[in-house]
Each structure stands twice: as C-alpha cells, then as structure tokens.
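Geometric and topological summary
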Amino acid sequence: MEHQHIYDKQGKQICCSLEEKINKKTEHHSDDDGHDHDHSSEEKSTFQMFLPAIISFVLLLIAIGFDNYFTQSWFTGWVRITWYVLAYIPVGFPVLKEAFESIRKGDVFSEFLLMSIATIGAFAIAEFPEGVAVMLFYAIGEIFQTLAVQRAKANIKTLLDQRPDEVTVLENNVAKTIKASNAKIGDIIQLKAGEKLGLDGELLSDTASFNTAALTGESKPDTKAKGETVLAGMINLNSVCQVKVTVAYTDSKLSKILEMVQDATAKKAPTELFIRKFAKIYTPIVVALAVAICVLPMFFVENYQFNDWLYRALIFLVISCPCALVISIPLGYFGGIGAASKNGILFKGSNFLDVM
C-alpha cells in the first residue's frame, strides 16, 4: 500500500494514509492493561443497551393485546394505567432525566423536553399506547446512534493502536517478558527484528532502522542513531536493538494521536455549527406553535374539545422534533471519520471533511 499525506490549499496536513495491516484491537475489546476481552463482552454490552427497549416492547405488545384482542375485565382502570406506565419507564425515564438535566444546565428547549412533553401529554389524554410507542421508537433510534458512534471509534482505535501487549525488558542482562503497561520509565527494552516498539524511548544501540508508517504514513525505513527518540508503533527492521523507556505507556505519542482522532468531532464543521444555532431557535418556536395549536382554536372553533386539540398539538411536537437535524448531521460527519479510518485515512476533524 502506498502511503501519502494529503494537504489543503494552505499546505496544512489534513490527513494521512496509514498501513493497512494492523493488530485487531478495538476500544471495546481492550482494557486499561492492554489485554483483549472476548467477543461476548461486546455482545453483552449491546444486549444491555437494547434490554430496556425489549422490556418496554414486550409489555406494550401484551397491553395492546389485552386492549384489542384478549379483553379482560381486570385490565381496566388503574391496572391498565399502571401496566402502560411500567412499559413507559424503561425507555422514558432516561429521556425524562436528560430533559431535567438539560433544564438544570440552562438548555430548556431540547429534543428531550419535546419528547417528554409529547409522551406525558399522550398519557394525560389517555393515549397510553401511543405515548409508550413514541418513546420506544425514539429510544431505539438513540441506541442505533450510540452503536454507530462506538463502531466509528472502534475503527479508529483498531487502525491506530498498534502497540504490542507485551515487551521484553532486560533485568541484570536477563531478558524478561512483561506487560507493556507495566514497563517503567528507565527500563531497557530489547527489540528484535520485526517487532513493534511498545513505548516511547531513547535508542541505546548505535543505529537501527524502523518502519514508521503507523505514525507518519511513510513506509520507507527511517534510520535512527544512538540517543535519538524512537516512538511506540515503530517496527524494528534489522538487528536486535535496545531502547530506554522515557515515557509512560499511556502517554506515548501514539496514544496522543489516538486520543486526538477519537476527539476529532470536537472540531465542528460549519454545517454542524449552523445546525446547533438553528435548533436553538427552531425548538422554542415549535413549542410555541404547539401551544397555539392547542389553545387558539378555543376562540375560533365551535364545539372545541380540549383533548382533541391537545392531541393534535402533541402530534405536531413529535413530527417537528429536530432530532433528525441535530443528530443526523453530527452523526454523518462522525460516521465519515470512522469510515475513512477503516480505509486507512485519518481526519483531524469534521471541518477537514468539508475542506476535502
């Protein structure tokens, strides 16, 4: 694979191609010690995310069945209300909590508030199935969003985190294999030909050649002399060499690059910044219009029924919720960064996608 840098018109580096063949490590398969978890841990995590939605869905189906097909005398009144409330809580409580937290922080008009008003309003007019269903669909959408972000981060980490889990250190001239995360500053690492360096350090051997593609995108050999700095992720190409550890495992340059790219979405593109500003104006207007839909017909419509117009106002709230804008735009950029990283290209921020 040919490795090359990409620059914008001002000559600033936008992204760089990295080597395709990498160690299979992801954020969800590795712990702080650098050890791999089995796949069941990720599956369990995904299952736990869907569990509230599954519980809510099952309870909702049973309730709808009793309402329409298996009419039972006991499934009325407070029993029916309580059942729907229990179906609502697994998916609704997290959203209500987010709405409360947003209000406490001064962000009153958020999508969490809109969903809370709409679903609680549905319960207020006895439209229990719709209240639960709307929140259930919203919760499922949130789960898929989270999974997409996690997958993008995992792609980035898989691409970058090429540090070996173990390193060979010399203790009293005796080679000993230890966890890379347990190596201390001042330890002497013995690096054989073809091995990757696990920590940043200072070269003690006279000379050594390294493949630095993991850090620079350049696959050509880089010869280092005694006393020069060598970095985690570099591959020793020739004879055995010795490196003195100068930086802790978690503070290596590769770790910093990984952190920078995973936080790349902090660098917002103009489109994202516009959507944020737009949502802050749009959401209060939607709430005001929903109130108007509910109240104003009182003065113009004969046989005004409060429940009917409140129902219409709640429908308006749900369909006008700016989730599609405030979620899909940032998620689109993040997905782009993740997809690019899977193909060996690193973007330093969403704004650079627009530059491209």
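Read on for a plain summary of the structure. (Residues numbered from 1 in each chain as written. Predicted model: local features only at pLDDT ≥ 70, side-chain atom pairs only at ≥ 80, totals over all residues. Heavy atoms only, no water.)

This part covers the side chain of Lys224. Inspection of the secondary structure assignment puts Lys224 in strand β8 (residues 221–225). Within polar-contact distance, the side chain of Lys224 engages the side chain of Asp222 at 3.4 Å. Beyond its immediate chain neighbours, meaning those up to four positions away, Lys224 contacts Leu203, Asp206, Thr207, Ala208, Phe210, Thr229, Val230 and Met234. (Helix = DSSP H or I, 4+ residues; strand = E, 2+ residues; numbered from the N terminus. Polar contact = N/O pair within 3.5 Å; in protein donor to acceptor, adjacent residues only side chain to side chain. Contact = heavy atoms within 4.5 Å.)

Our next topic: the nonpolar core. Formed by 25 residues in total, the largest nonpolar core has its most connected members in Tyr84, Val132 and Met135. Among the secondary structure elements, those contributing two or more residues to this core are α1 (39–68), α2 (77–104), α3 (111–124) and α4 (128–160). For this core, the element with the most residues is α4, which contributes nine residues. In this structure, Met135 is in contact with Tyr88, Val91, Gly92, Val95, Met115, Ser116 and Thr119, ignoring residues within four places of it in sequence. Counting residues in hydrophobic clusters, the runner-up holds 21 residues, among them Leu197, Leu199, Leu203 and Leu231. (Core = buried A, V, L, I, M, F, W, Y, C linked by side-chain atoms within 4.5 Å. Buried < 20%, exposed > 50% of the residue type's maximum accessible area, 1.4 Å probe, protein only.)

On to the pattern of salt bridges, then. Side chains that differ in sign of charge can pair as their charged atoms come close. Counted by the stated rule, this structure contains four salt bridges. Among the ionic pairs, Lys176 bridges to Glu171, the shortest N-O distance being 4.0 Å. By relative accessible area, which is 40% here, Lys176 ends up partly exposed. Classification of Glu171 by relative accessible area gives partly exposed; the value is 41%. Between Lys224 and Asp222 there is a salt bridge whose closest N-O contact spans 3.4 Å. Given the relative accessible area of 14%, Lys224 is considered buried. (Salt bridge = Lys/Arg side-chain N within 4 Å of Asp/Glu carboxyl O.)

Direction vectors running N to C along α3 and helix α8 (residues 306–320) enclose 150°, while the axes themselves pass 9 Å from each other. Viewed along their axes, α3 and α8 adopt a mutual orientation that is roughly antiparallel. At the point where α3 passes α8, the crossing takes the left-handed sense. On α8, the residues touching Leu114, Ile117, Ala118, Gly121 and Ala122 of α3 are Leu314, Leu317 and Val318. Classifying every residue of the contact of α3 with α8 by side-chain character gives seven nonpolar, one polar and no charged. (Axes fitted to C-alpha atoms, helices over the stretch in contact; angles between N-to-C directions. Parallel < 35°, antiparallel > 145°, perpendicular 65-115°, else oblique. Left-handed = near helix turned anticlockwise from the far one by under 90°. Nonpolar A, V, L, I, M, F, W, Y, C, P; charged D, E, K, R; others polar.)

With 28 residues, α2 extends only 35 Å from end C-alpha to end C-alpha; this falls clearly short of the ideal 40 Å at 1.5 Å per step. Maximal helix bending in α2 amounts to about 55°, located at Ile89; proline Pro90 follows within four positions. Turning to α2, its buried residues are Tyr84, Ala87, Tyr88, Val91, Gly92, Val95, Ala99 and Ser102. Once α2 finishes, Gly106 follows within two positions and takes phi at roughly 95°, a positive value. (Expected span 1.5 Å × (residues − 1). Bend = angle between axes of the 7 residues up to and from the residue.)

Turning to α3, a few remarks are in order. Between the first and last C-alpha of α3 there are 20 Å, a value that for 14 residues agrees with the 20 Å anticipated at 1.5 Å per step. Within α3, eleven of the 14 residues are buried, leaving the element largely enclosed by the surrounding structure. Within α3, burial applies to Glu111, Phe112, Leu113, Leu114, Met115, Ser116, Ala118, Thr119, Gly121, Ala122 and Phe123. Remark: Ala126 follows α3 within two positions and exhibits a positive phi of approximately 70°.

With that out of the way, let us pick up the sheet that holds β8. The strand order across the open sheet formed by three strands is β8-β7-β10, and the pairing between neighbours is antiparallel. Whereas interior strands pair on both sides, the edge strands pair on one side only; in this sheet they are β8 and β10 (235–236). The sheet contact formed by strand β7 (residues 207–211) and β8 spans five bridges and is antiparallel. What sits directly across from Ser209, in β8, is Thr223. (Pairing = 2+ DSSP bridges.)

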